[in-house]
Amino acid sequence: MNESMKKIIVRLTFSFFALGLTNVVFGQVDKDILNWYNTHKAGLQTEKAYKALKGKTSKTVIVAIIDSGIDIEHEDLQGKIWVNEKEIPGNGIDDDNNGYVDDIHGWNFLGSPDGKNQKYARLEKTRIYAKYRAEFENVEAAQVPANKKAEYELFIAAKKSMEEDKEKYSMYKEQMAQLPMILEMVPQMVGQKLGKSDYTLKDLEKWKPKDVQDIQIRQLAIAIKLGEFNKEVIDSKMDQNNSMLDYYLNPDFNDREFIGDDPDDFNDVKYGNNDVEGPDALHGTHVGGIVGAVRGNGKGGDGVAENIKLMSLRAVPDGDESDKDIALAIRYAVDNGASVINMSFGKAFSIHQKEVYEALKYADEKGVLCVHAAGNDAKNLDVDTNYPTDKYSFQDKSFTNYLTIGASTRFPKGKLAASFSNYGQTKVDVFAPGFEIYNTVPQSDYKKLQGTSMAAPMVTGVAALLKSYFPELTMTQIKDVILSTAKSYKGTQQELPGAETKVDFGTLSVTGAVVDVNAAVKKCMELTK
């Protein structure tokens, strides 16, 4: 292999693995992965918890899933979907006078009254750039009046980040066009290095190349063997990259075309429809399944909580969610009886922080627990903000009923924190399983997904389980139990997400621990004696 080809391999390998937009894992599901989050020693210890609860009765708990939508007809979610009994299905009337017509299973904030659905959306920084470009595009900082300084600085930060991303993903697009060729070439290259064409995964694991190009080739070969680098994966990554350029980073894309509201007007609330699944409910269906898929039926993975009803609130598009949709979804969840709200979404910029804050404050004061995913950028949230947050810059104190969750793995000896997970000794409360999670996706199917999006519903499920069996406890008490009983890994050396350096796991979150529902159940039993 000549040097120019080696350089191409290295460049393409970087672009392939750097494009971490998808959280779908395309490998086979084996016994080590199936339901590990409930049963593994590094998991939640769910099965032990249910043994401890044997003979104890439970009450139904409503869990709101603010996400991309849920396939409410999924075989493994039957009997688990919330029904608004105050509403008469299909009569076109707002029977319960809550402002939403025929909201039988929740609401779709990304649709229009005539049934159309918005799938793609811009990133928040792109929206910010589009909002202010006419005012600030060709203006120097010295020319900006004092009352516009904050908006100008926000515009400049958003523009810089957006342009950096556009350059990066344009480069990826050019490079990834050559990936199909590399897919064909890698087996031949590895065969030459190992001296045989019928090499196995074990052969690749034993091979310890020192040359940087050979290291990259080995990495790709392993990905091929694991089913993580094939035509399906390449097509998926190319589609994601194109979505970045065509929608996420396109300031001229109208991401409210079908919705038709004014996203800056929080009094303009009469929009959306009751299609709580929408055009792409993969993410939300998986999240819902983690919380409450039917247990013990041998299909997919078991849900953490048993006696729950899932309220589907579609507010997370393919792109960044709108602050307005999230604020209204939170208020809908609270007003319609949810005890826990799962929020597996987040973004680096937020243009309507005070309105989201007011909605979170409303939930907090009503005693509803909000569980938020920490994010998948391997960043320190003590430094980098991920919205929404438990404490905005203008807040005096953090919310009481709010949890931020990092993602853990089933590898407690050195790799307990998932490599993609955000972390923070003051801003991430606790970790929970979020690596290679096999659960429900649309059309009664199942897939492995991973991310803090999967870790958050683990904790949502734990909170719902505890509230179900110990209804006399407040969600504040349940939150405190979850944190105080989590299994501590303080003092253990674990890889820092996004790096190969080892750090004390205790520095990655407030608790330095992974949620343990069995220990939480025992604590609740003590509290309710």
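## Section: the overall build of the protein
- The number of helices and strands found in the protein is 15 helices and 14 strands.
- Taken along the three principal axes of its C-alpha coordinates, the protein extends 70 × 65 × 45 Å.
- Evaluated residue by residue, the protein yields a buried proportion of 56% over its 529 residues.
- Sequence separation of 24 or more characterises 77% of the internal contacts of the protein that already satisfy a separation of 6 or more.
- When the accessible surface of the protein is totalled, it reaches about 22,800 Å², and 48% of it is carbon and sulfur.
- Computed over 65 positive and 77 negative side-chain charges, the separation of the two mean positions in the protein equals 8 Å.

## A few points about the nonpolar core
- Judged by nonpolar contacts, the single largest core of 59 residues is most densely connected at Leu310, Leu465 and Leu466.
- Tallying contributions element by element places helix 13 (residues 452–469) first for this core, with 11 residues.
- The residues touching leucine 465, leaving out its near neighbours within four places in the chain, are Tyr50, Leu53, Val304, Ala305, Val517 and Val521.
- Of all hydrophobic cores here, the second largest spans 38 residues; its members include Phe266, Leu313, Tyr387 and Tyr392.

## Description of the confidence of the model for the protein
- Mean pLDDT over the protein works out to 93, with 95% of the residues at or above the 70 mark.
- A low-confidence stretch, residues 1–10 stays under pLDDT 50, and its non-local contacts, those more than four residues away or across chains, total 16 contacts.

## A short note on the packing of aromatic side chains
- Under the definition given, this model contains 23 aromatic pairs.
- On the basis of an interplanar angle of 65 degrees and a centroid distance of 6.2 Å, the ring pair of phenylalanine 109 and tyrosine 271 is categorised as edge-to-face. In this pair, phenylalanine 109 sits in the loop between strand 3 (106–108) and helix 4 (124–136) while tyrosine 271 sits in the loop between helix 9 (231–248) and helix 10 (282–292), placing the two residues 162 residues apart along the sequence. Neither phenylalanine 109 nor tyrosine 271 differs from the other in exposure class; each is buried.
- Ring centres of phenylalanine 136 and phenylalanine 155 lie 5.9 Å apart, and the angle between their planes is 50 degrees; this geometry places the pair in the tilted category. Residue phenylalanine 136 is located in helix 4, and its partner phenylalanine 155 is located in helix 5 (residues 149–176); the two are separated by 19 residues in the primary sequence. Phenylalanine 155 matches phenylalanine 136 in its accessibility class, with the two residues each being buried.
- What links up through ring pairs into an aromatic cluster is the set Trp82, Tyr100, Trp107, Phe109, Tyr271 and Tyr332.

## Brief notes about helix 11 (residues 323–335)
- An ideal rise of 1.5 Å per residue puts 18 Å on 13 residues; helix 11 measures up with 18 Å between its terminal C-alpha atoms.
- Along helix 11, 11 of the 13 residues are buried, which leaves the element largely enclosed by surrounding structure.
- Those residues of helix 11 lying buried are Asp323, Lys324, Asp325, Ile326, Ala327, Leu328, Ala329, Ile330, Tyr332, Ala333 and Val334.
- Against the buried residues of helix 11 lie strand 2 (61–67), strand 3, helix 4, strand 4 (308–314), strand 5 (340–343) and helix 12 (353–365).
- One or two residues past the end of helix 11 sits glycine 337, with phi positive at roughly 95 degrees.

## What to know about a positive patch on the surface
- Side chains of Lys41, Lys48, Lys51, Lys413, Lys487 and Lys522 sit close together on the surface and give a patch of like positive charge.
- One can find lysine 41 in the loop between helix 2 (36–39) and helix 3 (46–52).

## Let's talk about the pattern of salt bridges
- Scanning the entire structure with this criterion turns up 24 salt bridges.
- Note that lysine 148 and glutamate 135 form a salt bridge whose closest N and O atoms lie 3.2 Å from each other. With lysine 148 in the loop between helix 4 and helix 5 and glutamate 135 in helix 4, this pair connects stretches of sequence that are 13 residues apart.
- What makes lysine 148 partly exposed here is its relative accessible area of 25%.
- As a salt-bridge pair, aspartate 390 and lysine 427 come within 2.9 Å of each other at their nearest N and O atoms. Within this pair, whereas aspartate 390 is found in the loop between strand 6 (369–373) and strand 7 (402–408), its partner lysine 427 is found in the loop between strand 7 and strand 8 (430–433), the two being separated by 37 residues in sequence.
- Classification of aspartate 390 as buried rests on a relative accessible area of 13%.
- Judged by its relative accessible area of 23%, lysine 427 is partly exposed.
- Through salt bridges that share partners, Arg122, Glu124, Arg127, Asp255, Asp323 and Lys347 make up one connected network.

## Some points on the state of the cysteines
- Applying the stated rule across the entire model yields zero disulfides.
- Summary of cysteine pairing: cysteine 370 is not part of a disulfide, and the nearest cysteine sulfur, belonging to cysteine 524, is at 19 Å.
- Judged by relative accessible area, cysteine 370 falls into the buried class, the value being 2%.
- For cysteine 524, a relative accessible area of 0% corresponds to the buried category.

Here is what the cut-offs are and how they apply
- Residues numbered from 1 in each chain as written.
- Predicted model: local features only at pLDDT ≥ 70, side-chain atom pairs only at ≥ 80, totals over all residues.
- Heavy atoms only, no water.
- Helix = DSSP H or I, 4+ residues; strand = E, 2+ residues; numbered from the N terminus.
- Buried < 20%, exposed > 50% of the residue type's maximum accessible area, 1.4 Å probe, protein only.
- Contact = heavy atoms within 4.5 Å.
- Areas by Shrake-Rupley, 256 points an atom, 1.4 Å probe, with all protein chains shown as cover.
- Lys, Arg positive; Asp, Glu negative; His and termini not counted.
- Charge placed at Lys NZ, Arg CZ, Asp CG, Glu CD.
- Core = buried A, V, L, I, M, F, W, Y, C linked by side-chain atoms within 4.5 Å.
- pLDDT = per-residue confidence, 0-100.
- Phe/Tyr/Trp six-rings, centres within 6.5 Å; stacked < 30°, edge-to-face > 60°.
- Expected span 1.5 Å × (residues − 1).
- Patch = residues over 30% accessible without salt bridge, like charges linked within 9 Å, V, L, I, M, F, W, Y side chains within 5 Å.
- Salt bridge = Lys/Arg side-chain N within 4 Å of Asp/Glu carboxyl O.
- Disulfide = S-S within 2.5 Å.

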